[in-house]
Amino acid sequence: MMSGKVFHRLSSSVIARSVRQKSSTVTSSIDFQEQRITDDYGKAKPFSEIPGPKGLPIVGRWLDYKLHPWKIHQRHIYIKQLRDEYGDIVKESFAGNTVLHLLNPNYIRKIYESDGKHPKVPPLLPSIGVYRRKKNMAVGLGNSNGELWYRLRTEAQKVLVRPQKVLDYMYLQNEVVDDFMKLLPSLIQENGEVNDFNRWILRWGIECSFNTFLEKRMGYLSPEGLEEADKLIDNSNDVFTLSTKLWFSLPFYRYIPTPSFKKFYECEDFITRYSAPILAEATREYHDQLEGRSGTSKQYLFLSYMLSNQNVNWDDLVAIALSILTDTLSTTCQALLYNLYTLASNPEVQDKAYQEAVVNLSPSGELTVQGFNSCSYIKACIKETFRFFPIGLDVQRLAGKDVAIGGYQVPEGTYICLENYVPLHDPAYISNPEEFYPERWLRGNMDGIEKQHPYILIPFSTGIRMCLGRRFAEQEMVNMISRILRDYRLEWHHEPLDQRYQLLQVPDTDVKVKFVPRK
């Protein structure tokens, strides 16, 4: 069992909440009855009556965030406070934005089911949208909606979402995992820990990303490549840190170059100047091989499809590539760190995952397609880790039409945050929420996935706007977890890990896992 401040902090008030509520089955029944009653938009209460914290005219709660920055950096705690005080539907305004928080899985279900063909989303990083428009760049999938988004999404998902297509990239991921596992023994100190372990995982992630999508080894795990890797990592991290600051600031940056936005510009300029030539070089190599001018035998799985697609122009490809090459730093790598922590903190769970890894890795130690498909328990561990440590605190939508939620009118275009974190620790929806119990996500288990609300755990979103990198992320994590567990027993001897908000969630400290060799 996991213990510590993270779990005690969550369980104290949600247990109190469970006293006020009946079982999840009864709650769901009540909610569905309420939905039938309030489906009539005209009979619902007006949007202005939705409860929430009060703010100042125009700037809303901007000053409150300015005076209490913990409400930003520990936003998961603050969102929980909002739910405890105001309920399952909360409205707040800050810095010129009005946001509606939905904290009930049935309300979340209703928004997903009303998405339509072109679900509208606000940009995760609004500052990137501003930057790319000022630079006359394609805004990319995350900053587009409507027909533009649908065209790009339709083409990209053919190579990035289909399970069998993603499995074709396994050998490229294995190459980088092999190198990391060979390097790991030299990184382990006398106390069994790795200094600056988070950064080593980030270096692995960015090396894996370039190799997977461009089939280029960058050398980020070698002494010669560390400086370049770290520049890319630091600038990517600064993009999220500055974007968080800008999001909770008055939006002057949209009109004048504020100091924070100037720094943001510099970071984005570096990432673009650095990555675009590498993409161009990989493209030239692909064409050379296609025309018989190269003796390489690379498959160019990603580039061969995207470059031969008449529906994707070069600007679109650059925007998509910039995202998939660097997104791993803020998503997959952070999720892997949390998984290693939860396994190290739960020895019994780790033992089961280890047994599965040993069975499913090939005799040479690599993860095969068949092995990956059979790693059901490790995948359940990943889901349970997402429950405790979500990378995205919420999934965001712009209401696609007028809809009644929780008895209130939610007009078309409303900025909505679908908040999963709090329900995931509520006994009304999750049994024994303070327990790290991967079995709850296994089919056929007594407490398995059949008994969980279908909209309670959706870390990659769901439907047509599901994260394009979902299957790659899961594949890479299963690969690394399996290989590490095969060679090492993991231990944790420090204070419990927590999260820090920078639009996405990252560990609040270095993940000082102790590696104990199994042989």
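Each residue is numbered by its place in its chain's sequence as written, counting from 1. Reporting of local features is limited, given that this is a predicted model, to residues whose pLDDT is at least 70; pairs of side-chain atoms are given and counted only at 80 or more, and all residues count toward the totals for whole chains, interfaces and linings. For the side-chain quantities, the full set of heavy atoms in the structure was used; hydrogens and water were omitted.

A.B. asks: Where do I start with a nonpolar patch on the surface in this structure?
C.D. replies: Note on patches: the residues involved have over 30% relative accessible area and no salt bridge, like charges join within 9 Å, and the nonpolar side chains Val, Leu, Ile, Met, Phe, Trp and Tyr join within 5 Å. For accessible areas, the Shrake-Rupley method is used with a probe of radius 1.4 Å. Any residue's cover is judged against the shown protein chains and nothing else. The salt bridge criterion pairs a side-chain nitrogen of Lys or Arg with a carboxyl oxygen of Asp or Glu, the two atoms within 4 Å. Judged by side-chain polarity, Leu 56, Leu 63 and Leu 67 come together as a nonpolar surface patch covering roughly 280 Å² of accessible area. Mapped onto the secondary structure, Leu 67 falls in helix 3 (residues 62–67). The numbering of helices and of strands both runs from the N terminus, where a helix is a DSSP run of H or I of at least 4 residues and a strand a run of E of at least 2.

A.B. asks: Which parts of the structure should I look at to understand the layout of surface pockets?
C.D. replies: In this approach the atoms are scanned with a rolling probe the size of a water molecule, which exposes any empty space left behind. Here a cavity is any set of points on a 1 Å grid over the protein atoms alone where a 1.4 Å probe fits but cannot get out, and a pocket is any open set with protein on both sides within 12 Å along at least 5 of 7 lines; a residue lines the site when it has an atom within 4 Å of a point. Grid points are joined across faces, edges and corners, and a volume is the space filled by probe spheres set on the points. Empty space within the largest pocket amounts to approximately 750 Å³. Every residue lining the largest pocket is counted, 31 residues in all, and those nearest its centre are Lys 383, Ile 449, Leu 457, Arg 470 and Glu 474. Contributing elements (two or more residues each) for the lining of the largest pocket: helix 9 (163–167), helix 18 (369–374), helix 19 (376–388) and helix 20 (470–487). The biggest single contributor to the lining of the largest pocket is helix 19, with 6 residues. Residue classes follow a fixed rule: Ala, Val, Leu, Ile, Met, Phe, Trp, Tyr, Cys and Pro count as nonpolar, while Asp, Glu, Lys and Arg count as charged, and any other residue, Gly among them, counts as polar. Taken together, the residues of the lining of the largest pocket sort by class into 18 nonpolar, 7 polar and 6 charged. One number sums up the size of the second largest pocket: a volume of about 340 Å³.

A.B. asks: How should I be thinking about the sheet that holds strand 3 (residues 394–398) in this particular structure?
C.D. replies: Pairing between sheet strands relies on hydrogen bonds along the backbone, with the strands arranged either parallel or antiparallel. Any two strands with at least two DSSP bridges between them are considered paired. Strand order in the open sheet formed by 4 strands is 1-2-6-3, and the pairing between neighbours is mixed. The sheet is open, and its two borders are formed by strand 1 (89–94) and strand 3, each paired with just one other strand. Direction aside, neighbouring strands of the sheet carry axes that sit 25° apart on average. With 6 bridges connecting them, strand 1 and strand 2 (residues 97–102) associate as antiparallel partners. In the sheet register, Ser 93 faces strand 2, and the bridge partner there is Thr 98. Any pair of residues with heavy atoms lying within 4.5 Å of one another is described as a contacting pair. Note on definitions: angles span 0 to 180 degrees between N-to-C directions of axes, and those axes are lines fitted to C-alpha atoms, for helices only across the stretch in contact. Here helix 5 (residues 75–86) sits on the sheet in contact with strand 1, strand 2 and strand 6 (415–419), set at roughly 125° to strand 1.

A.B. asks: I'm lost on the confidence of the model for the protein chain in this one. Help?
C.D. replies: Any residue range with low pLDDT should be treated as having predicted coordinates unsuitable for detailed reading. Note on scores: pLDDT gives the predictor's confidence for each residue, bounded by 0 and 100. Considering every residue of the protein chain, the mean pLDDT works out to 89; 92% of them sit at 70 or more. When the criterion is pLDDT under 50, residues 1–38 qualifies, and its contacts beyond four places in sequence or with other chains add up to 64 contacts.

A.B. asks: Help me out: how do you make sense of the pattern of salt bridges in this one?
C.D. replies: A side chain of one charge can pair with a side chain of the opposite charge when the charged atoms of the two come close. This model, assessed by the stated rule, comprises 31 salt bridges. We note a salt bridge from Arg 199 to Asp 196, for which the minimum N-O separation is 3.9 Å. What makes Asp 196 partly exposed here is its relative accessible area of 40%. The network of salt bridges with shared partners includes Arg 61, Asp 64, Lys 71, Arg 75 and Glu 92. Buried residues are those whose accessible area, probed at 1.4 Å on protein chains only, stays under 20% of the maximum for their type, while exposed residues exceed 50% and partly exposed ones sit between those limits.

A.B. asks: I keep staring at the environment of Gln 355 and nothing clicks. Help me out?
C.D. replies: Note that Gln 355 resides in helix 17 (residues 347–360). Using a relative accessible area of 48% as the deciding quantity, one classes Gln 355 as partly exposed. Along the backbone, Gln 355 and Tyr 377 are 22 residues apart, and their C-alpha atoms lie at a distance of 9.8 Å.

A.B. asks: Sorry if this is basic, but what is going on with the nonpolar core here?
C.D. replies: Proteins that are soluble and globular tend to have nonpolar side chains buried together. Of all hydrophobic cores here, the largest spans 142 residues; its most connected members are Phe 180, Trp 204, Phe 302, Leu 490 and Phe 515. If near-sequence neighbours (up to four positions away) are discounted, Phe 302 is found in contact with Val 159, Leu 160, Tyr 169, Phe 213, Leu 317, Ile 320 and Ile 324. Within the second largest apolar cluster, 19 residues are counted, among which are Phe 47, Ile 50, Ala 399 and Ile 405. The set of buried Ala, Val, Leu, Ile, Met, Phe, Trp, Tyr and Cys residues whose side-chain atoms join them within 4.5 Å is what this entry labels a nonpolar core.

A.B. asks: Which parts of the structure should I look at to understand the pairing of strand 9 (residues 504–507)?
C.D. replies: Strand residues, when the strand is regular, have side chains that alternate between the two faces of the sheet. Here strand 8 (residues 499–502) runs beside strand 9; their pairing, made up of 4 bridges, is antiparallel. Across the sheet, the residue bridging to Tyr 501 is Gln 505, located in strand 9.

A.B. asks: Quick question: what am I supposed to make of the packing of helix 7 (residues 126–134) against helix 13 (residues 259–290) here?
C.D. replies: Two measures define how a pair of helices packs: the angle their axes make with one another and the distance between the axes. One way to put it is that helix 7 packs onto helix 13 with a least axis distance of 11 Å and a crossing angle of 70°. Here helix 13 runs roughly perpendicular to helix 7, going by the angle between their axes. Helix 13 is crossed by helix 7, and the crossing has right-handed handedness. Of the residues in helix 13, those in contact with Ser 127, Ile 128, Val 130, Tyr 131 and Lys 134 of helix 7 are Phe 261, Phe 264, Tyr 265, Glu 268, Asp 269 and Thr 272. Oblique is the label for every angle not falling under 35 degrees (roughly parallel), over 145 degrees (roughly antiparallel), or within 65 to 115 degrees (roughly perpendicular). Should the near helix be turned counterclockwise from the far one by less than a right angle, the crossing is left-handed, whereas a clockwise turn marks it as right-handed.

A.B. asks: Explain the side chain of Arg 132 to me, please; I cannot follow it from the model alone.
C.D. replies: Secondary-structure assignment places Arg 132 in helix 7. Those residues in contact with Arg 132 that sit more than four places away from it in its chain are Met 137, Ala 138, Val 139, Gly 140, Ala 319, Leu 322 and Ser 323.

A.B. asks: Would you explain helix 13 in this entry?
C.D. replies: Along an α-helix, residues three or four positions apart point the same way, because every turn accommodates 3.6 residues. Along its 32 residues, helix 13 runs 46 Å from first to last C-alpha, staying within 8% of the 46 Å computed at 1.5 Å per residue. Positive backbone phi, approximately 75°, marks Gly 292, located one or two places after helix 13. Here the expected length of a helix is defined as 1.5 Å per residue gap, with one fewer gap than residues.

A.B. asks: Would you take a moment to explain unusual backbone geometry for this structure?
C.D. replies: For residues besides glycine, phi is generally negative; the peptide bonds are generally trans as well. Located in the positive-phi region is Asn 136, a residue other than glycine, with phi close to 55°. Relative to the helices and strands, Asn 136 is located in the loop between helix 7 and helix 8 (146–160). On the basis of relative accessibility, which here comes to 71%, the residue Asn 136 falls in the exposed class.

A.B. asks: Can you walk me through the environment of Asn 106 in this structure?
C.D. replies: Relative to the helices and strands, Asn 106 is located in helix 6 (residues 105–113). Exposure remark for Asn 106: the relative accessible area of 2% places this residue in the buried category. As a C-alpha pair, Asn 106 and Ile 456 span 350 residues in sequence and 8.9 Å in three-dimensional space. Between N or O atoms, a polar contact is any pair within 3.5 Å; within protein, one atom must be a potential hydrogen donor and the other a potential acceptor, and residues adjacent in sequence are included only when both atoms are from side chains. Within the local environment of Asn 106, its side chain forms a polar contact with the side chain of His 453, the two groups lying 2.8 Å apart.

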